[in-house]
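# Summary of the model geometry
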Amino acid sequence: MDPQTHFLFPFTLSVLLIKLHLFSWQLALLAGIIGVIIDLDHYAEQIAHAKTNRFSLKATWNNAVRFHRFNQRSFIHDGIGAILITIVLCILAFLTWQVALALALGYYSHLLLDYARLKHEKEFCWRLGSLYMKESHLEIILDILLVIILVIFFLI
Ligand SMILES: [Zn+2]
């Protein structure tokens with residue numbers, strides 16, 4: 001999924017927790033930001049595996065969206081990485097459960113959204129300058145729904 005969805009999903013869940021007086025705006029922002037920055041591992045994988053344009057953010061983006069020359073997901077996207085992060089979050093929860101929950105919302109929602117992506121979804125593809133863009137119909141609907149939910153939360 002794209003960065004805006006990785007932000008909106010945990011942020012919207014966090015705003016619900018704000019409405020229930022369990023969370024602060026700072027923690028909601030943290031959850032959203034964590035949801036996005038999990039994909040920074042794509043850049044690390046680009047540096048480690050790319051034959052050309054190793055440090056190019058544009059090449060990293062285009063490889064993730066269009067070319068798929070190598071797997072950009074590092075160990076934190078599944079398997080042993082998820083187990084290690086779960087252990088760290090459990091330990092952190094004893095120190096500060098709210099921060100641990102914000103990190104967990106960002107991290108697990110990211111994994112959920114990545115793995116929820118269907119292989120044969122219809123997608124809009126276009127170019128924004130030299131960047132390839134791709135967005136599935138389902139993701140657009142999800143983004144619109146999340147924004148509507150956020151607007152409702154802000155109004156009540
Ligand atoms: Zn991801």
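Everything below is about the structure shown above.
What comes next is a walk through the structure.

Conventions used here
Residues numbered from 1 in each chain as written. Predicted model: local features only at pLDDT ≥ 70, side-chain atom pairs only at ≥ 80, totals over all residues. Buried ≥ 20, exposed ≤ 12 C-beta atoms within 10 Å, placed from the backbone. Helix = DSSP H or I, 4+ residues; strand = E, 2+ residues; numbered from the N terminus. Arc of directions from axis to C-beta. Contact = placed C-beta atoms within 7 Å. Pairing = 2+ DSSP bridges.

This paragraph deals with helix α4 (residues 57-67). When we look at burial in α4, the residues that qualify are T60, W61 and N63. Mapping the buried residues of α4 onto a view down its axis gives an arc of 160°, with all of them on the same face. Turned more than 90 degrees from where α4 packs its buried face, K58 and F67 sit exposed. Residues of α4 that are buried make contact with α3 (41-49) and β2 (131-136). With its phi angle positive at about 50°, H68 sits one or two positions after the end of α4.

Let's shift gears to the pairing of strand β1 (residues 123-128). Summarising burial for β1: 0 of the 6 residues are buried, a small minority. Inspection of the sheet shows β1 paired to β2 by 6 bridges, in the antiparallel sense. Paired with W126 across the strands is M133, a residue of β2. What sits between β1 and β2 in their antiparallel hairpin is a turn of 2 residues, with G129 showing a positive phi close to 65°.

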